[in-house]
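Read off the chains here:
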Protein chains: 2
Amino acid sequence: MGDPVTIAIDAMGGDHGPAVTVPAALLSLSRHPDLHIVLVGDHAVIRRALFKRHDYDCTRVTVRHATQVVGMDEKPSAALRGKKDSSMRVAVQLVREGQADACVSAGNTGALMAIGRFVLRTFHGIDRPAIIAAIPTRGGHCHVLDLGANVDCNAEHLFQFAIMGAVLASAVDDIPNPRIGLLNVGEEEIKGNEQVRLAARLIQDSHFLNYAGYVEGGDIFRDAADVIVCDGFVGNIALKASEELVRMLVQFIRDAFGRNWLTRLIGALARPVLGSMRGHLDPARNNGASLLGLRGIVVKSHGSAGAASFAHAVETALREAQRDVPSVISQRISELILHN
Amino acid sequence: MGDPVTIAIDAMGGDHGPAVTVPAALLSLSRHPDLHIVLVGDHAVIRRALFKRHDYDCTRVTVRHATQVVGMDEKPSAALRGKKDSSMRVAVQLVREGQADACVSAGNTGALMAIGRFVLRTFHGIDRPAIIAAIPTRGGHCHVLDLGANVDCNAEHLFQFAIMGAVLASAVDDIPNPRIGLLNVGEEEIKGNEQVRLAARLIQDSHFLNYAGYVEGGDIFRDAADVIVCDGFVGNIALKASEELVRMLVQFIRDAFGRNWLTRLIGALARPVLGSMRGHLDPARNNGASLLGLRGIVVKSHGSAGAASFAHAVETALREAQRDVPSVISQRISELILHN
């Protein structure tokens, strides 16, 4: 058993609120004897969700009341200014105050980022947190950042992403020296833009990064690197395009099998066969995007996540806390600033 | 029957050369009575491929000898300087000289772009040609540009892409007023970068474009627009990621059905059911990327295309020639320059 880790959960966040976050919390508790959880949100609602269950260790669950909830479509600035007692804000505040080692929310991404930046602050030398998430690949998954927090990046930013991504991948996947790929275009006549070429040099010259070279769009799924670095514009487009493409293909398969009684029968036979594939692509297995560069651990779950999926996000936060990802990032970044 | 159209085919280009380009040419001829084809490349090799077939109208096929072939991995600058009698160069030259209305090549993209720019030149006001291709979506397909020719784009470039894309989609798909989407990120706190916001204003203010607003990565597959505009870096990454993701999923399905005799049996039943889906995603149905902004029609086929797929690229060129896409683009662009 390791040191106990406390995770604050924004119990009201996401499309389903406590109906998902509470069972997910209990699921994570049952798997991790060192884990303590603080459920943040409406006391009465959370208690009601907890009362339905008897199969958990109540000494490891605390409820922290918060009177407000950040809406999924609420403007980040409004959430930041107008909802100082929101479940999201209080969960982040607990990390700030040292009462929790990490926090997890399935709420509004923009609000979580704004609150994270305001309450926890970024490390010296980092302007905005970067968003990193795992994307399923042929052989497993790779971590891609930034996924949308920073639309305009210079080489220095990309270099910082490489450092932060390496620390995270190492912590989450137990890889001692993750391979870093830099996303680039492969058209023959022109090889990438200025920032990417400069970033390549910075990564190559750093003595603690395992640089795997340029990777193209298709390489994301070919296990060419453990961490793929790109600006937030490209990363966001690639992530959202990929998610929707998988949804589209699943829909096509469903439609094909749904056409008539014969195809439905074949579909019923094929379902368990294709189940393994769906397992691999299952968002539950990859849920949990981390906001890196903050002085504390903040993990964002998909808003629509179910309990198994949300529990995965909680466990991502747990692993980051066990490895103290922010401290390692801070150390690396300050070494970098000293060197320059 | 319309006016006769002559298309020059780089018969030696692509992974398979005349083994694919010649049957593809004959397939297109059989479907389009107005079509004439000039097969450019090694006389003897092309003749041999033609001799195998008797089922075509030999009055509509010409062979134009060219002594050289551009290699698939050859440097564009080397191809441009050192191979003045390559099948690719001669095919483009025929367009320049008015002996062909369009040309098609499955060869090296960078070399084709360099040769296209050098031989045909871009229209006044356009620095580099943009690459546009159709991507399969839930309801059909959408045209995305730029796919890699221009990695750094300002608002004016994106606006030009919108104009050229609209002309092409209109010609190829017979849509009178195609909806133009501008690819952007949807994170709540920040909405896109400066260039994209400026481009949105330019497109909105133009009286001849049907602006559909910002589209996110996932919208590419949701039929949110007929033409999606983005810089070549983002477009290239999104295209290559999507192509590889489809390949990965197809492989997962194949692996799942291949696991044992029972799954193979179920796979044999499922294959025809899933066939319709594969038809929709089939690259053959979407093969043919166009280089827009040149004073002539140049269509690039996938290097690995089979005959049906290559024939699709030929037919894309045919439709562009019938609608005289370069003239319409030139007219729109000069109106634009006059207005500014």
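Cut-off values and rules
Residues numbered from 1 in each chain as written. Chains lettered and ligands numbered in written order. Predicted model: local features only at pLDDT ≥ 70, side-chain atom pairs only at ≥ 80, totals over all residues. Heavy atoms only, no water. Helix = DSSP H or I, 4+ residues; strand = E, 2+ residues; numbered from the N terminus. Rg over C-alpha atoms; globule rule 2.2 N^0.38 Å. Buried < 20%, exposed > 50% of the residue type's maximum accessible area, 1.4 Å probe, protein only. Contact = heavy atoms within 4.5 Å. Areas by Shrake-Rupley, 256 points an atom, 1.4 Å probe, with all protein chains shown as cover. Lys, Arg positive; Asp, Glu negative; His and termini not counted. Charge placed at Lys NZ, Arg CZ, Asp CG, Glu CD. Buried area = accessible area lost by both parts, 1.4 Å probe. Salt bridge = Lys/Arg side-chain N within 4 Å of Asp/Glu carboxyl O. Polar contact = N/O pair within 3.5 Å; in protein donor to acceptor, adjacent residues only side chain to side chain. Nonpolar A, V, L, I, M, F, W, Y, C, P; charged D, E, K, R; others polar. Expected span 1.5 Å × (residues − 1). Phe/Tyr/Trp six-rings, centres within 6.5 Å; stacked < 30°, edge-to-face > 60°. Lys NZ or Arg CZ within 6 Å of the ring centre and 35° of its normal. Least-squares fit on C-alpha atoms with pLDDT ≥ 70 in both. Pairing = 2+ DSSP bridges. Axes fitted to C-alpha atoms, helices over the stretch in contact; angles between N-to-C directions.

**A few points about the overall build of chain A**
Summing up its helical and strand segments, chain A has twelve helices and eleven strands in all. For a compact globule of 340 residues, the expected C-alpha radius of gyration is about 20 Å, and chain A comes in at 21 Å, within 12% of that figure. For the C-alpha atoms alone, the extent of chain A along its principal axes is close to 65 × 65 × 40 Å. Residues counted as buried form 61% of the 340 residues belonging to chain A. Sequence-distant contacts, at least 24 apart, represent 71% of the contacts inside chain A between residues at least 6 apart. Total accessible area computed for chain A in this model is approximately 13600 Å², and 52% of it derives from carbon and sulfur atoms. Across chain A, the mean location of the 35 positive side-chain charges is 6 Å away from that of the 36 negative side-chain charges.

**Things to note about the interface of chain A and chain B**
Buried accessible area, meaning the area lost when the parts come together, often serves as the stated size of an interface. Of the residues lining the interface, 66 residues belong to chain A; the matching set on chain B comes to 66 residues. Buried surface at the junction of chain A and chain B, summed over both partners, amounts to about 5600 Å²; 70% is from carbon and sulfur atoms. Remark: the boundary between chain A and chain B carries six salt bridges. In this structure, Arg138 of chain B engages Glu244 of chain A in a salt bridge whose closest nitrogen and oxygen atoms are separated by 2.9 Å. Applying the counting criterion to the chain A and chain B interface returns six residue pairs in polar contact (both at pLDDT 80 or more). Within the residue set of the side of chain A that touches chain B, elements represented by two or more residues are helix 5 (109-120), helix 7 (194-205), helix 8 (232-257) and helix 9 (261-281) of chain A. The greatest single-element share of the side of chain A that touches chain B, amounting to 20 residues, is contributed by helix 8 of chain A. Class assignment for the residues of the side of chain A that touches chain B results in 32 nonpolar, 20 polar and 14 charged.

**Looking at helix 11 (residues 307-322) of chain A**
All names here are of chain A. Over its 16 residues, helix 11 runs 22 Å from end to end, which matches the ideal 22 Å to within 8%, given 1.5 Å per residue. Burial in helix 11 covers these residues: Ser309, Phe310, Ala311, Ala313, Val314, Glu315, Thr316, Ala317, Leu318, Glu320 and Ala321. Positive phi appears at Asp324, one or two residues downstream of helix 11, with a value of about 50°.

**Some thoughts on the packing of aromatic side chains**
Per the counting criterion, the structure on display carries zero aromatic pairs over all chains. One residue, Arg121 of chain A, lies across the ring of Phe118 of chain A, its end atom 5.8 Å from the ring centre.

**Points about the relation of the copies chain A and chain B**
Of the transformation superimposing chain A on chain B, the axial component is 0.0 Å and the angular component is 180°, with the fit at an RMSD of 0.0 Å. Taken together, the turn and the small shift mark the pair as related by a two-fold rotation axis. Interface overlap between copies: 100% of the residues of chain A at the interface are likewise at the interface in chain B, consistent with a symmetric, same-surface contact.

**Overview of the pattern of salt bridges**
If you walk through the whole model with that rule in mind, you get 22 salt bridges over all chains. Where Glu74 of chain A meets Lys83 of chain A, a salt bridge forms, and the shortest distance between an N and an O atom there is 2.8 Å. For the pair formed by Glu74 of chain A and Lys83 of chain A, the shared burial category is buried. Of the charged contacts in the structure, one is a salt bridge between Arg247 of chain B and Glu243 of chain B, with a shortest N-O distance of 3.9 Å. With Arg247 of chain B and Glu243 of chain B both in helix 8 (residues 232-257), this residue pair falls four residues apart, about one helical turn.

**Overview of the sheet that holds strand 11 (residues 297-300) of chain A**
All names here are of chain A. Ordered by their spatial adjacency, eleven strands build an open sheet running 3-2-1-4-11-10-5-6-9-7-8, and the pairing between neighbours is mixed. Strands at the two margins of the open sheet, each flanked by one partner only, are strand 3 (61-65) and strand 8 (210-215). Across the sheet, the mean angle separating the axes of adjacent strands is 25° when strand polarity is ignored. Relative to strand 9 (residues 227-229), strand 7 (residues 179-183) is paired through three bridges, and the arrangement is parallel.

**As for the side chain of Asp146 of chain A**
Residue and element names in this part refer to chain A. Position of Asp146 relative to the elements: it lies in the loop between strand 6 (141-145) and helix 6 (155-173). The side chain of Asp146 is buried and forms no salt bridge, while Arg128, the nearest opposite charge, is found at 6.8 Å. For Asp146, the side chain forms a polar contact with the main-chain nitrogen of Asn150, separated by 2.6 Å.

**Quick word on unusual backbone geometry**
Omega for the bond connecting Leu145 of chain A with Asp146 of chain A falls within 30 degrees of zero, at 0°, which places this linkage in the cis form. Phi at Asp324 of chain A takes a positive value of approximately 50°, unusual for a residue other than glycine. The residue Asp324 of chain A is located in the loop between helix 11 and helix 12 (325-339) in this model. In this structure Asp324 of chain A comes out as partly exposed when scored by relative accessible area, which is 38%. Unusually for a residue other than glycine, Arg121 of chain B sits at a positive phi of about 65°. In this structure, Arg121 of chain B sits in the loop between helix 5 (109-120) and strand 5 (130-136).

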